[in-house]
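# Fold and contact review
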There are 2 protein chains.
Amino acid sequence: MDILKGNLLYGQSGGPTSVINSSAYGVIKEAFLNKDYIEEVYCMKHGIQGALHEDFYVMSEQDEAQIELLRHTPGSAFGSVRYKIADANDDETDYIRLLYIFKKYNIRYFLYNGGNDSMDTCYKIAEYMREVDYDIRVVGVPKTIDNDLPFTDHTPGYGSAARFIANTMMEVSYDMYAYPKGKVTIVEIMGRHAGWLTAASHLASLSGWGPDLVYLPEVPFSIEKFKADIKKVYDEKSQCLIAVSEGIMNEEGIFFSSASAIKDAFGHFQLGGVSSKLAQIVNNEMRIGSRSIALGSTQRSAAHIQSLTDVNEAEQAGRKAVQFALAGDTEVMVTFERVSDSPYTIEFKKHPLNMIANQEKKMPRSMINESGNGITEEFIEYALPLIAGINEPKFINGVQSFSKFK
Amino acid sequence: MDILKGNLLYGQSGGPTSVINSSAYGVIKEAFLNKDYIEEVYCMKHGIQGALHEDFYVMSEQDEAQIELLRHTPGSAFGSVRYKIADANDDETDYIRLLYIFKKYNIRYFLYNGGNDSMDTCYKIAEYMREVDYDIRVVGVPKTIDNDLPFTDHTPGYGSAARFIANTMMEVSYDMYAYPKGKVTIVEIMGRHAGWLTAASHLASLSGWGPDLVYLPEVPFSIEKFKADIKKVYDEKSQCLIAVSEGIMNEEGIFFSSASAIKDAFGHFQLGGVSSKLAQIVNNEMRIGSRSIALGSTQRSAAHIQSLTDVNEAEQAGRKAVQFALAGDTEVMVTFERVSDSPYTIEFKKHPLNMIANQEKKMPRSMINESGNGITEEFIEYALPLIAGINEPKFINGVQSFSKFK
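Please read all numbers here as calculations on a predicted model, not as lab measurements.

Here helix H6 (residues 158–176) of chain A contains 19 residues, and its C-alpha end-to-end distance of 26 Å stays within 8% of the 27 Å for a straight helix at 1.5 Å per residue. Burial runs high along H6 of chain A: 19 of the 19 residues are buried.

If you want it as structure tokens, here you go:
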């Protein structure tokens, strides 16, 4: 072990998930176990913005109970941010500031928890510190409900969101069948450019109450085929339940939802409004009653139905990041390698950060049916272990308790 | 006890709730305990429509396991309907048909599970049977997530929906605070003309993560006041979380959502689309980023977070209905009388059906703050016992199991 003593700086970035705080828990607890090397854990307030403004939560000063609650707390307990750091070649300001802060606080371990964009930030910082010869170990902890990070079997956050979506879908389905003649019910699911999360709705089929049709960004979306698909189902069942990804696009790669044309700080289109637009088309052009449900941020924050597998893996990913850094690794992200489906086993690995930044992993075509409107058995085998187990929520008087730091 | 022997016909009507099947469970189990008087339990398929079409589930022929699952099954396991039965004076057809079916199946107990409209149906049938001298006992079992039935402290279905809404609200709130500068987040909640369900969002405040503003149908809605309220909160916090009822209306009693102008079979306006319209106003007129979440049918079907109190009371209401009918009562609905808040205790009572039909119980003004944009302590004391306890979901492989009958 290549010894490096100092402090650890941890940050959360990008869209919250219901288990990113379990990774924080893993980082903090593992660092506490290694006080000979890591004297203090600072958590950035609102990610890199907190680092730049010297705005930290100091972990040794927190109540133990609040740290323990992290395993049950959704969102981002330390605050997240969507701030795009400039290329150091274009503008060095942020990097000079970070270097100053790192030296001031003797930061020797920099752990950043996020998705594609955050790994980009993470890599840029690592690269700069390497070039100016500042001795620091930079490790990425993966996180995204979208499950679209490359070089890893899956990502923390996905399993819990998938569990919520599968269960919500079966509840909505059972509710729909209450009436003899139903509506076309269109449920809009997150996931950006990848269909993983929308596909999770299909897990409801295991109970007998899944969606009739599923539309993903991986298959070009045609409104004519969509209407024909609905007609076929509705003629037979007088009901039709549809799961649709916010990121569906046509043959030319244009988002169905792109009417809003709002971009975020990273230049990505903000998606949304797909289900209500589709419901209008079904109402107006097919003359069939239709309604839309957009789950919105509930799907990434539903702490009350977390997957225990996901929570445990998120914690382990945080612990592994600390272990890798202590062992001398830097400029890597923790990854998951699946050893077997049944019994489900994974191994933690690492992958160079520069190969991950800004890449997306889409669903393989073999997990989607031939017609492009449903999901195959291969996906079920892949996803089922990820939603397994209950992380019992901490209810007091019927409502949950979430961490609060000072 | 006034002895009447025969069969029992049970039906579900109106919007599903996550515990209406627990009432069905109570009815079926209690009837089974009284086989000397009730020989068979028939459950109507899609409510009164099933009765008119002789379309029943026969309970003695079902698997015990499926009956047991009723306590964990949302929606309407036997099917619901929104069918408005004519006045017998205007059109006797349905009643003649029902009388024929009742005689054919020797139906002597008619138990109907529903809200305002269903109690209207229930009363009309009872009245007709009394006038034609057919000996039958008709008892209503209350059910509605809207909690708007009169003469009862609360209704089964409300507590579970309230528990889901309170927990979802705190999750959405915590998620929102992830970012340093947030959006105005507007969550649309059901409840028709009463604010009970929307008020439940305020229970999230007990955890420290409640809505900043709450708008209910009980207080006339003004868009100018709405914008002023948001400005005040947003200027201070750079965030604003709003719970809004689908049924908000202006001084003249016109629904904010009435643009859709679609009426259901009972002549009620279909509500909805409020949050997205309000979010547009905030975006366009206030130039503040805003997003809307419409929980839709998830709030009435979220079996995975049922209130145990609600499930138990729903079952008891079903059992009481059978007991009342066996004891000779007819043309009554089971009601709840609160004896004390702490310890929470209720007594089951009954109330004449003809006084309940088509009436609505709104929230008292004392449960709403002076400004009309928030909830008072009095409501918390009222609602908190109703969301208490966990009815552990029956997960298999991460998804729930729901009843299926043959």
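We are not done yet, so read on.
Once that is clear, we can look at the sheet that holds strand E9 (residues 290–294) of chain A. All names here are of chain A. Ordered in space as E7-E8-E6-E9, the four strands form an open sheet in which the pairing is parallel. Of all strands in the sheet, those with a lone pairing partner are strand E7 (213–215) and E9, marking the two edges. Neighbour to neighbour, the strand axes of the sheet diverge by 20 degrees on average, direction disregarded. Taken strand by strand, helix H9 (residues 274–286) contacts strand E6 (184–189), strand E8 (240–245) and E9, and its axis lies near 175 degrees from that of E9.

For the pair chain A and chain B, the best superposition has an RMSD of 0.0 Å and corresponds to a rotation of 180 degrees with a translation of 0.0 Å parallel to the axis. Considering both components of the superposition, the chain copies are consistent with a two-fold axis. In this assembly the copies share their binding face: 100% of the residues contributing to the interface of chain A also contribute to that of chain B.

Residue Pro343 of chain A is reached from Ser342 of chain A by a cis peptide bond, and omega for that bond is 0 degrees. On the secondary structure map, Pro343 of chain A appears in the loop between strand E10 (332–341) and strand E11 (344–352). Phi at Glu54 of chain B takes a positive value of approximately 60 degrees, unusual for a residue other than glycine. Its location among the elements puts Glu54 of chain B in the loop between helix H2 (47–52) and strand E3 (56–58). We classify Glu54 of chain B as partly exposed; its relative accessible area is 24%. Of note, the phi angle at Asn106 of chain B is positive, near 45 degrees, even though the residue is not glycine. For Asn106 of chain B, the position within the fold is in the loop between helix H4 (93–104) and strand E4 (107–114).

Okay, H4 of chain B next. All names here are of chain B. An ideal rise of 1.5 Å per residue puts 16 Å on 12 residues; H4 measures up with 17 Å between its terminal C-alpha atoms. Along H4, the residues classified as buried are Asp94, Tyr95, Leu98, Leu99, Ile101 and Phe102. Taken around the axis of H4, the buried residues stretch over an arc of 165 degrees, which confines them to a single face. Within H4, the exposed residues directed more than 90 degrees away from the buried face are Thr93 and Lys103. The positive-phi residue at the C-terminal boundary of H4 is Asn106, with phi of around 45 degrees.

A few words now on the sheet that holds strand E7 (residues 213–215) of chain B. Residue and element names in this part refer to chain B. Judged by pairing direction, the sheet is parallel, and its four strands sit side by side in the order E7-E8-E6-E9 without closing on themselves. Of all strands in the sheet, those bounded by a partner on one side alone are E7 and strand E9 (290–294). Neighbour to neighbour, the strand axes of the sheet diverge by 20 degrees on average, direction disregarded. Across five bridges, the pairing between strand E6 (residues 184–189) and E9 is parallel. In the strand pairing of E9, Thr185 is matched with Arg291. Its contacts with the sheet put helix H9 (residues 274–286) on E6, strand E8 (240–245) and E9, and the angle it makes with E9 is roughly 175 degrees.

The next thing to look at is the pattern of salt bridges. Residue and element names in this part refer to chain B. This model, assessed by the stated rule, comprises 44 salt bridges over all chains. Ionic pairing is found between Asp153 and Arg338, a salt bridge with its closest N-O pair at 2.9 Å. Of this pair, Asp153 sits in the loop between strand E5 (137–142) and helix H6 (158–176) while Arg338 sits in strand E10 (residues 332–341), and the two are 185 residues apart along the sequence. Both residues of the pair, Asp153 and Arg338, belong to the buried class. Close ionic contact of Asp229 with Lys225 constitutes a salt bridge, the shortest N to O distance being 3.1 Å. One end of the pair is Asp229 and the other is Lys225, both in helix H8 (residues 223–237) and four residues apart, which spans about a single turn. Judged by its relative accessible area of 34%, Lys225 is partly exposed.

This part takes up the pairing of E4 of chain B. Taken residue by residue, a regular strand's side chains alternate between the two faces of the sheet. All names here are of chain B. Buried residues dominate E4, accounting for eight of its eight residues. Relative to E4, strand E1 (residues 6–12) is paired through six bridges, and the arrangement is parallel. For Leu8, the partnering residue across the bridge sits in E4 and is Tyr109. Examined bridge by bridge, E4 and E5 share six bridges and lie parallel to one another. Looking across to E5, one finds that Leu111 is bridged to Val139. As for the winding sense of the linkage, the β-α-β connection from E4 through helix H5 (residues 116–131) to E5 is right-handed.

Analysis parameters
Residues numbered from 1 in each chain as written. Chains lettered and ligands numbered in written order. Predicted model: local features only at pLDDT ≥ 70, side-chain atom pairs only at ≥ 80, totals over all residues. Heavy atoms only, no water. Helix = DSSP H or I, 4+ residues; strand = E, 2+ residues; numbered from the N terminus. Expected span 1.5 Å × (residues − 1). Buried < 20%, exposed > 50% of the residue type's maximum accessible area, 1.4 Å probe, protein only. Pairing = 2+ DSSP bridges. Axes fitted to C-alpha atoms, helices over the stretch in contact; angles between N-to-C directions. Contact = heavy atoms within 4.5 Å. Least-squares fit on C-alpha atoms with pLDDT ≥ 70 in both. Arc of directions from axis to C-beta. Salt bridge = Lys/Arg side-chain N within 4 Å of Asp/Glu carboxyl O. Right-handed = clockwise from strand over helix to strand, strands pointing away.

Geometric descriptors of this kind do not, in isolation, establish any biological role.
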